[in-house]
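# Residue-level structure breakdown
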Amino acid sequence: MIKNTVAGIKLLALDTSTEACSVALQVGTDILTLDEVCPQQHSKRILPMVQQLLSRAGVSLNQLDGIVFGRGPGSFTGVRIGVGVTQGLAFGADIPVYGVSTLAAMAQAAQRLHSATQVVAAIDARMAEVYIGSFSLQNGLMQPGVAEIAIKPEDISGFGLNGEVYAVGTGWQTYAEALLHKQQAIIAADILYPSAQDMLTLALPALGAGHFVAAELAEPVYVRDDVTWQKLPGRDTRPI
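Quick look at the structure, then. Along each chain, residues carry numbers from 1 onward, in the same order as the chain's sequence is written. Predicted model: local features are reported for residues with pLDDT of at least 70 only, side-chain atom pairs are reported and counted for 80 or more only, and whole-chain, interface and lining totals are derived from all residues. To obtain the side-chain values, all non-hydrogen atoms of the structure were included, while hydrogens and water were left out.

### Examining the overall build of the protein chain
Rules: We count a stretch as a helix when DSSP gives it H or I for four or more residues in a row; a strand needs E for two or more, and each element gets its number in order from the N terminus. Exposed residues in this analysis have more than 50% of their type's maximum accessible area, buried residues have under 20%, and partly exposed residues fall in between, with area computed by a 1.4 Å probe over protein chains only. Whether two residues are in contact is decided by their heavy atoms: any pair within 4.5 Å suffices. Here the Shrake-Rupley method, with its probe set to 1.4 Å, supplies the accessible areas, and only the displayed protein chains count as covering residues. All tallies of charge rest on Lys and Arg as positive and Asp and Glu as negative; His and the ends of each chain are not included. Charged groups are reduced to one reference atom each: NZ for lysine, CZ for arginine, CG for aspartic acid, CD for glutamic acid.
A tally of regular secondary structure across the protein chain gives 7 helices and 13 strands. Projected onto its principal axes, the C-alpha positions of the protein chain cover 50 × 50 × 30 Å. When burial is assessed residue by residue, the protein chain has 50% of its 240 residues classed as buried. Summarising the internal contacts of the protein chain: among those between residues at least 6 apart in sequence, 64% fall at separations of at least 24. Surface summary for the protein chain: the accessible area is close to 11,200 Å², and the carbon and sulfur share equals 50%. With 15 positive and 21 negative side-chain charges, the protein chain shows a spacing of 6 Å between the two charge centroids.

Here's what the structure looks like:
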């Protein structure tokens, strides 16, 4: 069913929200992926990675049906880079964009790699907090349960998940003991960061439903209440 739906699709996805830099390109049913762990190098690596995949596939930007980006949560600077690069590419090629949750992407990876049906994804948010959310499989896609939040592990009230639960993301590496006290889970050590290929999977239904938007409408999701996407004249007010 999915193959028939995506037969003619050309879709690019990118993410720079964590220590990793990830790009994926879908051409029909074929997917090319590049994932690199390159802390503080995102602004230097992301465009060459995009160009590498486009060149390998023989696809130009203006042939794309859209660009998918990791909308967060994650590093403030990293999320901004991802949104900015997406907007720049999409403006130049006049193509629409769509944001995917980084936590949902990691949950989708757990389904792809481990056939998981329930996942708690957590990214180390620094300041003794995690960005965290729970997901359950519906029709092959991970759907959110508890809303994504930034919280100290010890303040989590629980997720109400029973049975086999997978845990993904750097938050589970840093705060395993505290998080396991709140939710028993199988920690998938092979899924630390979101991958753009899983963002493609989550974005396909949105493309078919016409939910992609104009580049200027691309928005990050920071989760923390004190972070905004506003710039005053002559001064960037967003946290680093």
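### Some points on the side chain of Gln108
For Gln108, the position within the fold is in helix α4 (residues 102–114). Judged by relative accessible area, which is 3%, Gln108 ranks as buried. Apart from residues no more than four positions distant in its own chain, Gln108 is found in contact with Gly140, Leu141, Met142, Asp198, Thr201 and Leu202.

### Let's talk about the environment of Leu200
Relative to the assigned elements, Leu200 resides in helix α7 (residues 196–208). Apart from residues no more than four positions distant in its own chain, Leu200 is found in contact with Leu11, Leu12, Ala13, Ala24, Leu25, Gln26 and Ile31.

### Quick notes on the packing of α4 against α7
Any two packed helices are characterised by the angle at which their axes cross and by the distance between the axes. This is how the line gets drawn: Each axis is a line fitted through C-alpha atoms, taken for helices only over the stretch in contact, and angles between the N-to-C directions span 0 to 180 degrees. Every angle not falling under 35 degrees, over 145, or within 65 to 115 is termed oblique; those three ranges are roughly parallel, roughly antiparallel and roughly perpendicular. The residue classification treats Ala, Val, Leu, Ile, Met, Phe, Trp, Tyr, Cys and Pro as nonpolar and Asp, Glu, Lys and Arg as charged. All others, Gly included, are polar.
One can describe the packing of α4 onto α7 by two numbers: an axis separation of 8 Å at closest approach and a directional angle of 95°. Between α4 and α7, the crossing angle belongs to the class labelled roughly perpendicular. Here Thr102, Ala104, Ala105, Gln108, Ala109 and Arg112 of α4 lie close against α7, whose contacting residues are Gln197, Asp198, Met199, Thr201 and Leu202. A per-class count over the contact of α4 with α7 returns 5 nonpolar, 4 polar and 2 charged.

### Some details on the sheet that holds strand β3 (residues 30–37)
Put simply, the rule reads: Being paired, for any two strands, means DSSP has found at least two bridges between them.
If you trace the 5 strands from one edge of the open sheet to the other, you get β3-β2-β1-β4-β5, paired in mixed fashion. Of all strands in the sheet, those bounded by a partner on one side alone are β3 and β5 (97–101). Direction aside, neighbouring strands of the sheet carry axes that sit 15° apart on average. Bridge analysis of strand β2 (residues 20–27) against β3 gives 8 bridges, and the strand direction is antiparallel. Within the sheet, the bridge partner assigned to Ala24 lies in β3 and is Thr33. Across the sheet, helix α2 (residues 42–57) touches β1 (10–15), β2 and β3, and the angle it forms with β2 is around 20°. Packed onto the sheet, α7 meets β1, β2, β3, β4 (66–72) and β5 and runs at close to 130° relative to β1.

### Some remarks on unusual backbone geometry
Glycine aside, the phi torsion of most residues is negative, and most peptide linkages are trans. Omega for the bond connecting Gly72 with Pro73 falls within 30 degrees of zero, at 0°, which places this linkage in the cis form. Mapped onto the fold, Pro73 is located in the loop between β4 and α3 (76–93). Positive phi, close to 55°, is recorded for Asn139, a residue that is not glycine. Within the secondary structure layout, Asn139 lies in the loop between β7 (130–138) and β8 (141–144). The exposure class of Asn139 is exposed, given its relative accessible area of 83%.

### Observations regarding the side chain of Glu148
Basically, it comes down to this: For this analysis, a salt bridge means a side-chain nitrogen from Lys or Arg found within 4 Å of a carboxyl oxygen belonging to Asp or Glu. Polar contacts, as counted here, are pairs of nitrogen or oxygen atoms within 3.5 Å of one another; within protein the pair requires one atom able to donate a hydrogen and one able to accept it, and residues that are adjacent in sequence qualify only if both atoms are side-chain atoms.
As for its position among the elements, Glu148 is in the loop between β8 and β9 (149–151). For the buried Glu148, no salt bridge exists, and the shortest N-O distance to an oppositely charged side chain is 4.2 Å, to Arg71. Only 2.4 Å separates the side chain of Glu148 from the side chain of Ser101, close enough to count as a polar contact. The contacts of Glu148, once residues within four sequence positions are left out, are Arg71, Gly72, Pro73, Ser101, Leu103, Ile132, Gly133, Phe135 and Val223.

### A look at the pairing of strand β6 (residues 118–124)
Most of β6 sits inside the fold, with 7 of its 7 residues counted as buried. Judged by which residues are buried, β6 turns out to be covered on both faces: Gln118, Val120, Ala122 and Asp124 on one side and Val119, Ala121 and Ile123 on the other are all buried. Note that β6 and β7 share 7 bridges and pair antiparallel. In the strand pairing of β7, Ala121 is matched with Gly133. Adjacent in sequence and paired antiparallel, β6 and β7 are bridged by 5 residues, among which Arg126 carries a positive phi angle near 65°. Looking at chain direction, β6 and strand β10 (residues 166–168) are connected through 3 bridges and run parallel.

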